[in-house]
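Notes for the structure review
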Amino acid sequence: MTNHIKYKHSLLMPQLGSAIKSSLSREEDPSPGTSQSQSQPQSELLPPTPILPGSSEASLSQKYQQNIEESFVVQWSHEDSRSKIVSVAIGEMIALDYQPLSMVENTGFKNFMKKVKPKYNLPSRKFFTDNIIPRLYEETKTEIRKGVLSAAAISVTTDLWTNINNMESFLSFTAHWFDDSFKFHHAVLQMTHFPVTHTAMNIRNCLKEILTLWDINSDKIHAIVRDNGRNVAKAIDDSIFNGVPCFTILYNWPFMLH
């Protein structure tokens, strides 16, 4: 028992030292008239000391065992299941908090990860660009598609705008729907590059392409909310969809003219 504690639980020896010495003295010098068979078993002389969660003994024991288990592993590979969990969590943080992918190359973030996960081998920015972000995109797209296809009706908001920095145009397509539990959902299904001229026909064709891409039947569209641009209004009015002008734009239109 003594050797076991000494070599297997050396960090706990200070707490058990007095009990061990007491048991050894009783074994070597038994009381007169008391035979070895009549003495108490050694297990009774060394009552187990409970280690409560959060105590210093538990921390020492956990740290000691963790070092033994991981002593043969320098760093986890990128294919290790533990690395995948951390990498996906970092990818989700980048997406949810609108952080740049270059964050994983920042010195402060690298030092932080070394502190919280020393065994985690932080991948490069390219790894997240080529693996983690596309995976999260496909998983999110699949979930959104299920919600859209299961909805009884969908309302859409769309807008066509131009980036003043590079004069590139984009058309947005956002779906809004209620699920079977009457819980409201909305998702940007598409932010499409619009390099062609902003004619009503081109806008109408682009809207149809988005519906086809997401397998949405035209009869499921309840209404398309739009701005007051003549080309957008004509594109929807000339289609089978019900166009609704945006109330906020109509309300603020007099103030926007000044």
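Residues numbered from 1 in each chain as written. Predicted model: local features only at pLDDT ≥ 70, side-chain atom pairs only at ≥ 80, totals over all residues. Heavy atoms only, no water.

This paragraph deals with the overall build of the protein. Broken down by element type, the protein carries 10 helices and five strands. In the protein, which comprises 258 residues, the proportion classed as buried is 28%. For the protein, restricting intrachain contacts to residue pairs at least 6 apart in sequence, the fraction spanning at least 24 positions comes to 48%. Within the structure as shown, the protein displays about 17,900 Å² of accessible surface, and the carbon and sulfur contribution to it stands at 57%. (Helix = DSSP H or I, 4+ residues; strand = E, 2+ residues; numbered from the N terminus. Buried < 20%, exposed > 50% of the residue type's maximum accessible area, 1.4 Å probe, protein only. Contact = heavy atoms within 4.5 Å. Areas by Shrake-Rupley, 256 points an atom, 1.4 Å probe, with all protein chains shown as cover.)

Residues W161, V188 and M191 make up a contiguous nonpolar surface patch of roughly 290 Å² in combined accessible area. Residue W161 is classed as partly exposed on the basis of its relative accessible area, which comes to 35%. (Patch = residues over 30% accessible without salt bridge, like charges linked within 9 Å, V, L, I, M, F, W, Y side chains within 5 Å. Salt bridge = Lys/Arg side-chain N within 4 Å of Asp/Glu carboxyl O.)

Here strand β1 (residues 154-162) pairs with strand β4 (residues 221-226) via four bridges, running parallel. Note on β4: the bridge partner recorded for V156 is I224. In the sheet, β1 pairs with strand β2 (residues 169-178) via eight bridges, with the strands oriented antiparallel. Each bridged residue has a counterpart across the sheet, and for T158 the counterpart in β2 is F173. (Pairing = 2+ DSSP bridges.)

Our next topic: the sheet that holds β2. With mixed pairing, five strands are arranged side by side in an open sheet as β3-β2-β1-β4-β5. A single partner strand is all that each edge strand has here, and the edge strands are β3 (184-193) and β5 (243-245). The average angle at which neighbouring strand axes cross in this sheet is 25°, direction not considered. Bridging between β4 and β5 involves three bridges; their strand directions are parallel. By the bridge assignment for β5, V225 is matched with V244. (Axes fitted to C-alpha atoms, helices over the stretch in contact; angles between N-to-C directions.)

Moving on to the nonpolar core. Ranked by size, the top nonpolar core spans 26 residues in total, and within it I154, L171, L189, I203, I216 and I221 carry the most contacts. For this core, the secondary structure elements donating two or more residues are β1, β2, β3, α8 (200-213), β4 and α9 (230-237). By residue number, the principal contributor to this core is α8, which donates six residues. Setting aside residues up to four positions removed in sequence, I221 forms contacts with I154, V156, L211, I216 and F241. (Core = buried A, V, L, I, M, F, W, Y, C linked by side-chain atoms within 4.5 Å.)

Enumeration according to the criterion identifies seven salt bridges in this entry. Among the salt bridges present, the one from D80 reaches R82, with a minimum N-O distance of 3.0 Å. Residue D130 pairs with K126 through a salt bridge whose shortest N-O separation is 2.8 Å. Residue D130 and its partner K126 are both found in helix α7 (residues 125-150); the two are separated by four residues, about one turn of the helix.

Each pair of aromatic rings is reported with the distance of its centres and the angle of its planes. Inspection of every chain in the model, using the stated rule, returns five aromatic pairs. When the ring of W161 is compared with that of F170, the centres are 5.5 Å apart and the planes differ by 35°; the resulting orientation is tilted. Three or more aromatic residues joined by ring pairs form one cluster here, namely F178, F182 and F184. Positioned above the aromatic ring of W214 is the side chain of K141, whose terminal nitrogen or guanidinium carbon lies 5.6 Å from the ring centre. (Phe/Tyr/Trp six-rings, centres within 6.5 Å; stacked < 30°, edge-to-face > 60°. Lys NZ or Arg CZ within 6 Å of the ring centre and 35° of its normal.)

This part covers the packing of helix α5 (residues 81-96) against α7. Look at α5 against α7: their axes get within 10 Å of each other, and the N-to-C directions meet at 80°. Considering the angle they form, α5 stands roughly perpendicular to α7. In this structure, α5 contributes S87, V88, I90, G91 and E92 to the contact, and α7 contributes F127, F128, I132, I133, R135 and L136. Per-class residue counts for the contact of α5 with α7 are seven nonpolar, two polar and two charged. (Parallel < 35°, antiparallel > 145°, perpendicular 65-115°, else oblique. Nonpolar A, V, L, I, M, F, W, Y, C, P; charged D, E, K, R; others polar.)

So, about the packing of α8 against α9. Across the interface, α8 lies against α9 with an axial gap of 8 Å and an inter-helix angle of 55°. Classified by the angle between their axes, α8 and α9 sit oblique to one another. Between α8 and α9 the crossing geometry is right-handed. Touching A200, I203, R204 and L207 of α8 are N231, V232, K234, A235 and I236, all from α9. Residue classes in the contact of α8 with α9 are distributed as six nonpolar, one polar and two charged. (Left-handed = near helix turned anticlockwise from the far one by under 90°.)

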